[in-house]
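# Reading the structure
What follows is each chain in one-letter form.
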Amino acid sequence: MSPEDDLKILIITTMISSYPGANTVGQARLQYSPGTFIVRVPDPVMLPEEFYLDSFAKGIDGIIIMSSGSDCPYEGAYPRLSKRAGRVYARMKEQGIDTSRLKLTTICTVCKAAFLKEIREMQQNILKAKAA
Amino acid sequence: MTETNTSALEPSGDPVRVGVYVCHCGGNISDVIDTKAVAAALAAHPNVAVSNDYMFMCSDPGQALIIDDIKANHINRVVVAACSPTLHEITFRKALQRAGLNPYLFEYVNIREQASWVHKGDHEGATRKAVRLVAAGVEKVVRQDELFPIKVGVEPHVVVVGGGVAGMSAAVALAGRGLGVTLVEKGVALGGRVADLDRVYPTEERGADLVQDLTRQVEGHSRIDVRLGSEVVGLDGHVGKFAVTVRTSSAAPDDQDHLVRAGAVVIATGFDHYKPAQGEHGFGESPAVVTLPDFQAALRQCPASRRGLQVNGRPARSVAFIHCVGSRQIDGVHAPQADGKVNDYCSRTCCTATLHTIRQVQSRFPDVDVYDLHKDIRTYGRGHEAYYEDASRAGALFFRFPDEEPPTFAASTGGEYAGTVTTRDILTWGEELEIPVDLVVLATGMVPRDIASLIDLRKLPVGADRFLQEVHPKLRPVETGVAGILLAGACQGPMDINEACTAAQTAAVKAAILLANPTIELDPFVAVVDGERCDGCGKCLAECEYVGALTMADVEQAGATVRHAVVNPAMCVGCGACAAVCSPRAINVAGWTLDQFDAMVDAIIAEDVGALAHTECRAGVRHIEFAVISGGN
């Protein structure tokens, strides 16, 4: 097992864009580490700050929020999510949690390369932080 | 007022018994993931009563396995680990329903697109991952409530906002399906921008004829009520039961507002032409620089004569057409629009419109020299490329300018021509060219029409390009985030007449499907308030963008009057913004509760599925059912 595969990365996906995007990656048979766990949500705006902090406390190594960004069909949801992520970063700093363990990004239904890049970068960041 | 939701905890007394079914998908899954090992691992979960693997779970025998276990083994929750839920979620829900189980007591785990297909070189890793994902699915489903579709009474009537070709097409299609239609047009006549066009591509019909034909159909239909000189000033209610206030300013003061009850609303407000900034390619500084719509109007009025092409009383012997004016703008190269952003989108129609116009010039005034200056030629529609080929064969010269260096125009004083266009041409390896011209035609793109007041009525979603935004171009085209409000035509982005009418037909069909029965059944994934947990703080209200979806109300609870949040299920979109700020977790999206997500994370982290705690799910099933919403606002 490679060090990347030993990580537990939570990938929060939206039903309307990044979850189908993850399917597109699969349909293209593009490969990534099995240390990744995709969770489907109507919209990540529903998850409170505590969800992220508690997940880290439980042992999740990294969380990638793959939002719909400005294509989000829910009015005002993305700005709220973005602000919430900012507050989570602030609390992570306060608690001494490496902020590179959380990433808010936008992934669409066909963003294959970006999907893989986000996973790769998150794994590299976590492993680098662990080694330091 | 609408009736509000009812939700109650109805302990069934039955233990939670989960059936887990792991699909091989032929070999799509089982060639990589050890499906037997996954099923065996899940059998150790304290809530799992049956755990099996099977060749094709979606097949009739596969579904029969589930149905038999529900009936014979008293399974009351089901997890299927298979392909993507977009393929078979409904298939399995229906199987549960056939077995007499609530179809929402089901969880679908994707171990094909998101496991076996993406971890082909690591069978062990893929299998370990599948175990964790299925365990997370089990943890979610044991906390799942019994849900029922939201039933909403229906008004078999549609308000169409905008009387252009898209609005008229939608109105005719809706009326043809037996629905009443109120067609609201701000102007004094139907037809919109197509009425201004001479010939339209690719059919070469006259715009006026198209409009006349549609107008005849609209005005001749007994189920269509046309309101000219009118606009929508109120839009209350929800899908199935909208209350739309239509204001006709020209009517008597006490008779201006007309209330229309409608089950759906189609927005077909169209677009505006981009107006170039002062000095953009010489626009506004020289009469020799005009926009494409202005040129088309001038061309229509210019008789074919020995005097040749005349525009604004001046001869046009040499004409340069410049593409992408107001479209595909680049930050730092083009001046930003009023909102501080450039129009970085492609207006899609202007390439063909320009070439179509060039062909008209060439056929009527063959002596005119035509120059076409473009970034690219995007003639994407069927038969559109022929305009490019024909224009080229007829002598038009094509120059391709760099994105960051648009052509410029300098007027001349006393020269033979009105001025000179200067451009760099990529096709001749960057050569700088000076083209003497009498006229410059700017192929201006489409910009969103200012419908801010309509948008504000229901907080309609607007995209980064400022056009109205559909939920998803492939999965849910022409639908907005507000159920029952649909989009038709160029209000959602640049498109030609053909596409606008296709979108209008799509919107009409979707509205007709919605309103086909006396009640609409909506997905139950909306916010639900647990009255016992709600402390009435009102934080959720501040998070909700949807007017009327969430309110605070005094309700009777255990003999006392308490104030807490109340959801109107027909108006809630289920985004969950409210849930994130509720500390006592009193408000949640049904089927997607925060407790479920926490439990899923616990399962992903757990090293041993058997060590996960047995859950009795609040000693039973929470039964969430909404009364039929029959009232309007």
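Keep in mind that what you see is a predicted model, and the values were worked out from it rather than measured.

What follows deals with the overall build of chain A. Counting its secondary structure elements, chain A contains four helices and four strands. Reading chain A from its N terminus to its C terminus gives the helix and strand order β-α-β-α-β-α-β-α. The C-alpha radius of gyration of chain A comes to 14 Å, within 12% of the 14 Å expected for a compact globule of 132 residues. Along the three orthogonal principal directions, the C-alpha set of chain A runs to about 40 × 35 × 20 Å. A buried classification covers 55% of the 132 residues belonging to chain A.

What links the strands of a sheet is backbone hydrogen bonding, and the strands pair in either a parallel or an antiparallel sense. Residues and elements named next belong to chain B. Judged by pairing direction, the sheet is antiparallel, and its three strands sit side by side in the order β13-β14-β15 without closing on themselves. Of all the strands in the sheet, the pair left with one neighbour each is β13 (230-238) and β15 (257-262). Recorded for the sheet is a direction-independent mean angle of 20° between the axes of neighbouring strands. In this sheet, β15 lies alongside strand β14 (residues 241-248) in antiparallel orientation, the contact comprising six bridges. When the sheet's bridge partners are listed, Val244 is paired in β15 with Val260.

Turning our eyes to something else, we now look at the domain arrangement of chain B. Reports of interface size often rely on the accessible area that becomes lost once the parts have come together. Residues and elements named next belong to chain B. For chain B, the assigned domains read domain 1 (1-149), domain 2 (157-270 + 449-516) and domain 3 (275-446). Contact residues are listed per partner, giving 12 residues for domain 2 and 17 residues for domain 3. The residue inventory of the side of domain 2 that touches domain 3, partitioned by class, reads six nonpolar, no polar and six charged.

Time to look at the pairing of strand β27 (residues 439-444) of chain B. All names here are of chain B. Counting buried residues along β27, six of its six residues qualify, which places the element largely inside the surrounding structure. The alternating pattern of β27 places Leu439, Val441 and Ala443 on one face and Val440, Leu442 and Thr444 on the opposite face, and all of these are buried. Bridge count for strand β18 (residues 289-291) against β27 is three bridges, and the pairing is parallel. When the bridges of β27 are listed, Val289 appears paired with Val440.

Looking down a regular strand, the side chains alternate between one sheet face and the other. All names here are of chain A. Within strand β3 (residues 62-67), six of the six residues are buried, which leaves it mostly tucked inside the rest of the structure. Burial along β3 is two-sided: the residues Gly62, Ile64 and Met66 and Ile63, Ile65 and Ser67 are all buried. The sheet contact formed by strand β1 (residues 9-14) and β3 spans five bridges and is parallel. Following the sheet pairing, Ile11 is matched in β3 by Ile64. Sheet topology note: the β3/strand β4 (residues 102-106) ladder contains five bridges and is parallel. For Ile64, the partnering residue across the bridge sits in β4 and is Lys103. Regarding the hand of the β-α-β motif, the stretch spanning β3, helix α3 (residues 77-94) and β4 is right-handed.

Turning to the sheet that holds β1 of chain A, a few remarks are in order. All names here are of chain A. Read across the sheet, four strands follow the order β2-β1-β3-β4 without closing on themselves; strand pairing throughout is parallel. Looking at the sheet topology across the chains shown, the edges are occupied by β2 (36-41) and β4. Averaged over all adjacent pairs, the angle separating strand axes in this sheet is 20°, with direction ignored. On the sheet, helix α4 (residues 112-131) packs against β1, β2, β3 and β4 and is oriented at approximately 155° with respect to β3.

A few words on helix α12 (residues 497-514) of chain B. Residue and element names in this part refer to chain B. Taking 1.5 Å as the rise per residue, α12 with 18 residues should run 26 Å; its terminal C-alpha atoms sit 25 Å apart, in good agreement. Listing the buried residues of α12 in full gives Ile497, Ala500, Cys501, Ala503, Ala504, Ala507, Ala508, Ala511 and Leu514. One side of α12 holds all its buried residues, which, seen down the axis, span an arc of 155°. Along its buried surface, α12 packs onto β8 (157-161), α6 (165-176), β10 (199-200), β16 (264-267), β29 (485-487) and β30 (519-522).

Counting residues at the interface gives 40 residues for chain A and 47 residues for chain B. Sorting the residues of the side of chain A that touches chain B by element identifies α1 (18-27), β2, α2 (49-58) and α3 of chain A as the ones contributing at least two each. Ranked by residues supplied to the side of chain A that touches chain B, first place goes to α1 of chain A with six residues. Counted by class, the side of chain A that touches chain B contains 23 nonpolar, eight polar and nine charged residues.

Here the focus is the nonpolar core. Residues and elements named next belong to chain B. With 246 residues, the main nonpolar core has Val134, Ala170, Val265, Val266 and Ala488 as its most contacted residues. Here this core takes 10 residues from helix α5 (residues 123-142), the largest share from any one element. What Val265 contacts, discounting residues up to four positions off in sequence, is Val158, Val159, Val161, Leu235, Phe242, Val244, Gly484 and Ile485.

Right, let's talk about helix α7 (residues 207-219) of chain B for a bit. Residue and element names in this part refer to chain B. The end-to-end C-alpha distance of α7, which contains 13 residues, comes to 18 Å, matching closely the 18 Å that a straight helix rising 1.5 Å per residue would cover. Taken together, the buried positions of α7 are Gly207, Leu210, Val211, Leu214 and Val218. Buried residues of α7, viewed axially, fall in a sector of 95°; they line one side. Across α7 from its buried face, at more than 90 degrees, point the exposed residues Asp209, Asp213, Arg216 and Glu219.

Further remarks concern the environment of Ile435 of chain B. Residue and element names in this part refer to chain B. With respect to the element layout, Ile435 can be found in strand β26 (residues 431-437). On the neighbour-count criterion, Ile435 (21 C-beta atoms within 10 Å) is buried. C-alpha separation for the pair Ile435 and Asn73, spaced 362 residues apart in sequence, amounts to 84 Å. Sequence-distant contacts of Ile435, defined by excluding residues within four places in its chain, comprise Ala320, Tyr371, Thr420 and Val421.

A pair of packed helices can be characterised by two numbers: the angle between their axes and the separation between those axes. Axis separation between α2 of chain A and helix α14 (residues 594-605) of chain B bottoms out at 10 Å; the angle between their running directions is 20°. Regarding the angle of α2 of chain A to α14 of chain B, the classification is roughly parallel. You can see that α2 of chain A and α14 of chain B cross each other, and the crossing is right-handed. Where α2 of chain A abuts α14 of chain B, its residues Phe51, Asp54, Ser55 and Lys58 of chain A lie against Leu594, Phe597, Asp598, Val601, Asp602 and Ile605 of chain B. Looking at the contact of α2 of chain A with α14 of chain B, its residues break down into five nonpolar, one polar and four charged.

Summarising the element assignment, Leu309 of chain B is placed in the loop between α8 (292-301) and β19 (310-311). Once residues lying within four places of it in the same chain are set aside, the contact partners of Leu309 of chain B are Cys302, Ala316, Val361, Phe365 and Val368 of chain B.

With that settled, consider the packing of α8 of chain B against helix α9 (residues 350-364) of chain B. Residue and element names in this part refer to chain B. Orientation of α8 relative to α9, taken along the N-to-C sense of each, is 25°, at an axis distance of 11 Å. With respect to α9, the axis of α8 lies roughly parallel. Seen along the crossing, α8 lies across α9 with a hand that is left-handed. In this structure, α8 contributes Leu292, Phe295, Gln296 and Leu299 to the contact, and α9 contributes Cys350, Ala353, Thr354, Thr357, Gln360 and Val361. Taken together, the residues that form the contact of α8 with α9 break down as six nonpolar, four polar and no charged.

Rules and cut-offs
Residues numbered from 1 in each chain as written. Chains lettered and ligands numbered in written order. Predicted model: local features only at pLDDT ≥ 70, side-chain atom pairs only at ≥ 80, totals over all residues. Helix = DSSP H or I, 4+ residues; strand = E, 2+ residues; numbered from the N terminus. Rg over C-alpha atoms; globule rule 2.2 N^0.38 Å. Buried ≥ 20, exposed ≤ 12 C-beta atoms within 10 Å, placed from the backbone. Pairing = 2+ DSSP bridges. Axes fitted to C-alpha atoms, helices over the stretch in contact; angles between N-to-C directions. Domains from an automatic or database assignment. Contact = placed C-beta atoms within 7 Å. Nonpolar A, V, L, I, M, F, W, Y, C, P; charged D, E, K, R; others polar. Right-handed = clockwise from strand over helix to strand, strands pointing away. Expected span 1.5 Å × (residues − 1). Arc of directions from axis to C-beta. Core = buried A, V, L, I, M, F, W, Y, C linked by C-beta atoms within 7 Å. Parallel < 35°, antiparallel > 145°, perpendicular 65-115°, else oblique. Left-handed = near helix turned anticlockwise from the far one by under 90°.

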